[in-house]
Amino acid sequence: MAESAVKRIGVLTSGGDAPGMNAAVRSVVRSALDRGIECIGIRRGWSGLINGDFYRMDSGSVSRIINRGGTILYTARSEEFRTAEGQAKAAGVCKLLGLDGIVAIGGDGTFRGAQELSKCGVSVVGIPGTIDNDIVCTEYTIGFDTAVLAAECIDKLRDTMQSHERCAVVEVMGRHAGYLALYVGVAVGATAVLVPERPYDFHSQVAEKIRHARLNGKTNFMIVVAEGAASAMDVGKEIKEHLGLDPRVTILGHIQRGGSPTAKDRVLATRMGYEAVRVLAEGMTNRVICVRDDQIVNVDIDEGLAMKKTLNAEEFEVMTVMTGV
């Protein structure tokens, strides 16, 4: 591999953890070493960069982590880094350590932090790692495929709901995006799916779906709720009040963010990490690594964050047709 003018880079994970982050860290470290670039692991995200929480990483540092959930670099949110003073301090640490660039693995907030740091003269590249799949410039984010395994939990709930002829209301994560809920809802054959992209209306989106299903002979019902769409507890209360059913409410919560990443998450994280190092080594900055048509590409952070991502219209249409049947 040709020698790069870039001699030392840092890698960090920030925001909510996602399965596959360790695979991305591993790829960044080994891809850097292959190019003769030293890699510095920064613990606890932007907070760790500000506070100088770092260590040298080598090939052994990332052995046997590709299958591990979470992140060996830990993660945290930093209010200080949101300020101009905090960003200047972080840039100063980069200068002190002689970092020629930073690879930041995380979601929307992580990228906005990288965007601000680049204005301080630091070369940055972002890798999308979030189970929410809400990064606008990429078709896929690391961790989403593993989080969709929430379908297995819902399948188990369905078994007992069917046995007792009951209604289940399941709340899944996703923050202000409904991609995870919609995908899971299609996978489990939900009676109804509530997503934040569509204004919540109990009677049309839940009550009528349940009535339609009951008239078609069904005696058990599964309602999937994205956390940003409504409160599963409130939906359960409305079902009891208006339909006379006794629903069981389950909030899957952070169980979706843990666990061993799927093969898809591991492979894409590895490909993205390799591309991130290549981009930095070739002198580019202010980029986000993306998946488009199964190809790994990079786009400008400013351009990427300005894009608007919407739910897959075809998936939503399929969900609408399938629910309540």
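Before reading further, recall that the structure is shown in the block above.
Below, the structure is looked at part by part. Note on numbering: residues in each chain are counted from 1, in written sequence order. This being a predicted model, a pLDDT of at least 70 is required before a residue's local features are given, and a value of 80 or more before pairs of side-chain atoms are given or counted; all residues contribute to the totals for chains, interfaces and linings. As a rule here, side-chain values cover all heavy atoms of the structure and leave hydrogens and water aside.

### Comments concerning the overall build of the protein
Phase 1: Tallying secondary structure elements over the protein gives 12 helices and 11 strands in all.
Phase 2: Here the radius of gyration uses the C-alpha set of atoms, whereas the globule reference equals 2.2 Å times the residue count to the power 0.38. At 22 Å, the protein has a C-alpha radius of gyration in line with the 20 Å of a compact globule built from 325 residues.
Phase 3: With respect to the principal axes defined by its C-alpha atoms, the protein has extents near 70 × 35 × 30 Å.
Phase 4: For every residue, the accessible area obtained with a 1.4 Å probe (protein chains only) is divided by the maximum for its type, and the residue is called buried under 20%, exposed over 50%, and partly exposed between those limits. Sorting the 325 residues of the protein into buried and exposed places 53% on the buried side.
Phase 5: In this analysis, two residues are considered to be in contact whenever any of their non-hydrogen atoms come within 4.5 Å of each other. Counting only contacts in the protein whose residues sit at least 6 apart along the sequence, the fraction spanning at least 24 positions is 74%.
Phase 6: Calculation of accessible area relied on Shrake-Rupley with a 1.4 Å probe; when residues are assessed, cover is drawn exclusively from the protein chains displayed. Summed over all atoms, the accessible surface of the protein reaches about 14100 Å², with 49% contributed by carbon and sulfur. The way it works is that DSSP assigns letters per residue, a run of H or I at least four long becomes a helix, a run of E at least two long becomes a strand, and they are numbered from the N terminus.

### Quick word on the sheet that holds strand S1 (residues 8-13)
Phase 1: When DSSP finds two or more bridges between two strands, those strands count as paired. With mixed pairing, the 7 strands of this open sheet are ordered in space as S3-S2-S1-S4-S5-S10-S11. Two strands bound the open sheet, and with one partner strand each, they are strand S3 (54-57) and strand S11 (295-300). Ignoring which end each strand starts from, the neighbouring axes of this sheet average 30° apart.
Phase 2: Judged from the 5 bridges that link them, strand S4 (residues 101-106) and strand S5 (residues 124-128) form a sheet pairing that is parallel. What sits directly across from Gly106, in S5, is Pro128. To obtain each axis, a line is fitted to C-alpha atoms, and for helices this fit is confined to the stretch in contact; angles are then taken between N-to-C directions over 0 to 180 degrees.

### Observations regarding the side chain of Gln205
Phase 1: The residue Gln205 is located in helix H8 (residues 202-215) in this model.
Phase 2: Judged by relative accessible area, which is 19%, Gln205 ranks as buried.
Phase 3: Other than its neighbours up to four places away in sequence, Gln205 contacts Ala192, Leu194, Arg198, Pro199 and Tyr200.

### Brief notes about the packing of aromatic side chains
Phase 1: Note on aromatic pairs: the rings of Phe, Tyr and Trp (six-membered ring only in Trp) are paired at centre separations within 6.5 Å, and the planes decide the class, stacked below 30 degrees, edge-to-face beyond 60, tilted for the rest. Tallied over the full model, the rule gives 3 aromatic pairs.
Phase 2: Consider the rings of Trp46 and Phe81, whose centres lie 4.5 Å apart with planes at 5°: the pair is stacked. Of this pair, Trp46 sits in helix H2 (residues 45-51) while Phe81 sits in the loop between S3 and helix H3 (84-97); the two residues are 35 residues apart in sequence, bridging distant segments of the chain. Assigned by exposure class, Trp46 and Phe81 land together as buried.
Phase 3: Centroid distance Tyr140 to Phe144: 6.2 Å. Interplanar angle 80°. Geometry classified as edge-to-face. Judged on exposure class, the residue Tyr140 and its partner Phe144 are both buried.
Phase 4: Here the aromatic cluster, defined as three or more aromatic residues joined through ring pairs, consists of Tyr140, Phe144 and Tyr183.

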